[in-house]
Amino acid sequence: MKKKKSIYAWWLLLPAILIYAIFFIIPNVAGMALGFTDWNVYFFDDIRFNGLENFARLFGEKTFWIAVKNTFYFAIMTVVLKNVLGFLLALAVRRESRFNSYLRTVIFLPIMISSIVVCIIFVSIYNPSTGILNQFLNGIGLHALAKSWLVDERYAMNAIVAMEVWQWAGLNMLIFYSGMQAIPSEYYEAAKIDGASYWQEVRYVMLPLMVQSFTITFIFSIISGLKVFSQVYGTTNGGPADSTQVMATFLYRSFSHGHYGYSAAVGFVFMVLIMLFSAIVFGILRKKEVEY
Amino acid sequence: MAGRRKFIIARVLLFIVSLVYIIPVWMVLINSFKVTAEANMMGISLPSDMVFHFENYREVIRTGGIIRGFINGIIESLLSVILIIIAASAAGFVIARRNSRLSNAVFMLFIMGLIVPVAYIPTYLVLDRLHLLDTYTGIILIFTTYGLPQSVFLYVQFAKTIPRELDEAAILDGCSTMQLFTRVIFPLLRPTTATVFVLSFVGAWNDVMIPMFFVNGNKWALPLTVYNFYGGYMKSWNLVFADIMLTIAPLIVVYLLAQRQIVSGMTAGAVKG
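Residues numbered from 1 in each chain as written. Chains lettered and ligands numbered in written order. Predicted model: local features only at pLDDT ≥ 70, side-chain atom pairs only at ≥ 80, totals over all residues.

Caption draft 1: Layout of the overall build of chain B. Within chain B, the secondary structure is distributed over 14 helices and zero strands. Written out in order from the N terminus, the α and β elements of chain B read α-α-α-α-α-α-α-α-α-α-α-α-α-α. The C-alpha atoms of chain B give 24 Å as radius of gyration, which overshoots the globular expectation for 273 residues (19 Å, by more than 25%). Considering only C-alpha atoms, chain B reaches an extent of 75 × 70 × 35 Å along its principal axes. Expressed as a percentage of the 273 residues in chain B, the buried residues total 45%. Sequence separation of at least 24 residues holds for 76% of the intrachain contacts in chain B that already meet a minimum separation of 6. (Helix = DSSP H or I, 4+ residues; strand = E, 2+ residues; numbered from the N terminus. Rg over C-alpha atoms; globule rule 2.2 N^0.38 Å. Buried ≥ 20, exposed ≤ 12 C-beta atoms within 10 Å, placed from the backbone. Contact = placed C-beta atoms within 7 Å.)

Spelled out as structure tokens, the structure:
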């Protein structure tokens, strides 16, 4: 039997595949090899294999483990806060009204601003003496709560977490909002007839039907949380005393010192951690999805 | 009665939430018009002498490399978006139509790109060997590469909703594959093209790490130029704030004009359609 020639010519795939292969696939494959070399800025064209040396040095470096710990702390905190706040906000703005559409517009707005610019704005907001946050706290008499946000090791990381949540909670809000719109209204009516209270309705009707939205927001927030760079680079650059050092800032630091082989090893470990963690979360959430 | 009170409390709370979003932007705006000493106090009241110092903006435009950053951003974002639209729409169409193991594998490879972080160091090596380090071509191709996964995904989703009968009718009418795509399918993909345009443009414009790794400061788009400017003018917040306003104003205008597209694009695929 002669195979029918498809009218969907494969060569239409070529431009995308070509660009993608050269600048995504090749670098990712090469990355595995480069991590085992001593490539650096001083002997730029003389790349030699040095076995597991980079990885041994990396795993022996205390700052690396601090960076891993901080990265996961940042990712987990932002995932939880962005999803909880995003969900509550979506509940609040779910019905159509002028006020709600104003809220949706305003809360989504910061997503348009580059994170590095948001950093500068928050450096000013968090300024210990003149920033509006402490001015406000002092103004309402809560002097004890006015801290040196980005300067104090104890608060710097959480201050950055808060900034990230401020910027991105609106995205989750809108994903949940459209998830809620997609649930057929008969389900709510049925629950009402059965005498369900508002929170029972949310818990037993809405939540189970929205697992798919949660899968997406979880995956998005985990990946962006683990990849965090500019939020830290633009505010504290890893300080004070490495208390906000994350994997990407650690990677950038070794890159700017010119240790390319070593940085490639960092990048490789970084990638493996992200892939592993997202695969685990994705596996857990997939099992909970319901068809309707 | 109790319901009414609850309603009012909820309204007040939500209004406060919206202030948490508006006040920072207001603070930037109002301080950008003040004299340095007063702007450094970072208050949110109007300028004490009620004089709006528009010359702060003139000063920033003169010294901040605003025009350069703006042109860089337009060149890099626009050209990469055009490449993304051409490559991703064609690929998305074929992936949506062919149901072979190969096309599924290609699709999975693109999906991987959504998860895997940029392999900065090896990409640096590739760009170096191709003599594309610190060039517009280089950074445009990298933006294109990292814009592709999301765009291919959106095009595949949308192309699946276009009936296949249309393809067959076009071929029977004597269209070649190329004509089928350019004359029939691509125009129908327009809503997705609009979404991809906005998302990829904003993504490239706002990116931080890619320009930092692969090009020098004279090829950075506005947001990073602002960061640079801030590094040099930490003591003059009025100028820093004016610089920030000039950077975010175009995007806020775009957002208010194309809100529907942006929102539907960013939440696409997250909802069962």
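Caption draft 2: Structural context of the interface of chain A and chain B. The interface is formed by 67 residues belonging to chain A together with 69 residues belonging to chain B. Take the side of chain A that touches chain B: its biggest share by element is 14 residues, from helix α1 (residues 14-34) of chain A. In terms of residue class, the side of chain A that touches chain B is made up of 47 nonpolar, 19 polar and one charged. (Nonpolar A, V, L, I, M, F, W, Y, C, P; charged D, E, K, R; others polar.)

Caption draft 3: Spotlight on the nonpolar core. Counting residues in hydrophobic clusters, the biggest one holds 158 residues, and the most contacted among them are V117 of chain A together with A88, A91 and I244 of chain B. Element by element, the count of residues in this core is highest for helix α7 (residues 153-181) of chain A, at 15 residues. In terms of domain composition, this core takes at least three residues from each of domain 1 (2-61) and domain 2 (64-232) of chain B. Setting aside residues up to four positions removed in sequence, A91 of chain B forms contacts with L12, L13 and A16 of chain A together with V152 of chain B. (Core = buried A, V, L, I, M, F, W, Y, C linked by C-beta atoms within 7 Å. Domains from an automatic or database assignment.)

Caption draft 4: Geometry of the environment of F229 of chain B. Residue and element names in this part refer to chain B. As for its placement among the helices and strands, F229 is situated in helix α12 (residues 222-232). It is 8.2 Å that separates the C-alpha atoms of F229 and D243, two residues lying 14 residues apart in sequence. Not counting the four nearest positions on each side in its chain, F229 is found in contact with G64, V240 and D243.

Caption draft 5: Fine view of the packing of helix α3 (residues 62-92) of chain A against helix α10 (residues 211-226) of chain A. Residues and elements named next belong to chain A. In the contact formed by α3 and α10, the axes pass within 8 Å of each other and the chain directions differ by 145°. The handedness of the crossing between α3 and α10 comes out as right-handed. In this structure, α3 contributes T71, F74, A75, T78, V79, K82, N83 and G86 to the contact, and α10 contributes T217, F218, S221, I222, G225 and L226. Here the contact of α3 with α10 is built from residues that sort into six nonpolar, seven polar and one charged. (Axes fitted to C-alpha atoms, helices over the stretch in contact; angles between N-to-C directions. Left-handed = near helix turned anticlockwise from the far one by under 90°.)

Caption draft 6: Expanded view of the confidence of the model for chain A. In the predicted model, chain A carries a mean pLDDT of 88, and the fraction of residues at 70 or more is 97%. Taken element by element, chain A is modelled with least confidence in helix α8 (residues 185-193) of chain A, mean pLDDT 84, and with most confidence in α3 of chain A, mean pLDDT 95. (pLDDT = per-residue confidence, 0-100.)

Caption draft 7: Here's a closer look at unusual backbone geometry. Residues and elements named next belong to chain A. G239 connects to P240 through a cis peptide bond whose omega is -20°. A positive phi angle, close to 50°, is found at N237, a residue other than glycine. Take N237: it is sitting in the loop between α11 (230-233) and α12 (247-256). We classify N237 as exposed; it has 12 C-beta atoms within 10 Å.

Caption draft 8: Region of the structure containing the packing of α12 of chain B against helix α13 (residues 237-257) of chain B. Residues and elements named next belong to chain B. The contact between α12 and α13 brings their axes to 10 Å, and the two run at 180°. It follows from the interaxial angle that α12 and α13 lie roughly antiparallel. Residues L222, P223, V226, F229 and Y230 of α12 lie in contact with α13, whose contacting residues are V240, D243, I244 and T247. A breakdown of the residues in the contact of α12 with α13 according to their chemical character gives seven nonpolar, one polar and one charged. (Parallel < 35°, antiparallel > 145°, perpendicular 65-115°, else oblique.)

Caption draft 9: Representation of the environment of T267 of chain B. Residue placement: T267 of chain B occurs in helix α14 (residues 259-267). You can call T267 of chain B buried: it has 21 C-beta atoms within 10 Å. In this structure the C-alpha to C-alpha distance between T267 of chain B and I66 of chain B, which are 201 residues apart in sequence, comes to 32 Å. Residues in contact with T267 of chain B, not counting those within four places in the same chain, are L174, I175 and S178 of chain A.

Caption draft 10: Representation of the confidence of the model for chain B within the structure. Overall, the prediction assigns chain B a mean pLDDT of 88, with 97% of residues at 70 or greater. Listed scores for the predicted complex are pTM 0.88 and ipTM 0.87.

Caption draft 11: Quick peek at the environment of F218 of chain A. All names here are of chain A. On the secondary structure map, F218 appears in helix α10. For the pair F218 and K82, spaced 136 residues apart in sequence, the C-alpha to C-alpha distance is 9.2 Å. Discounting residues that sit within four places of it in the chain, F218 has contacts with V79, N83, V281 and L285.

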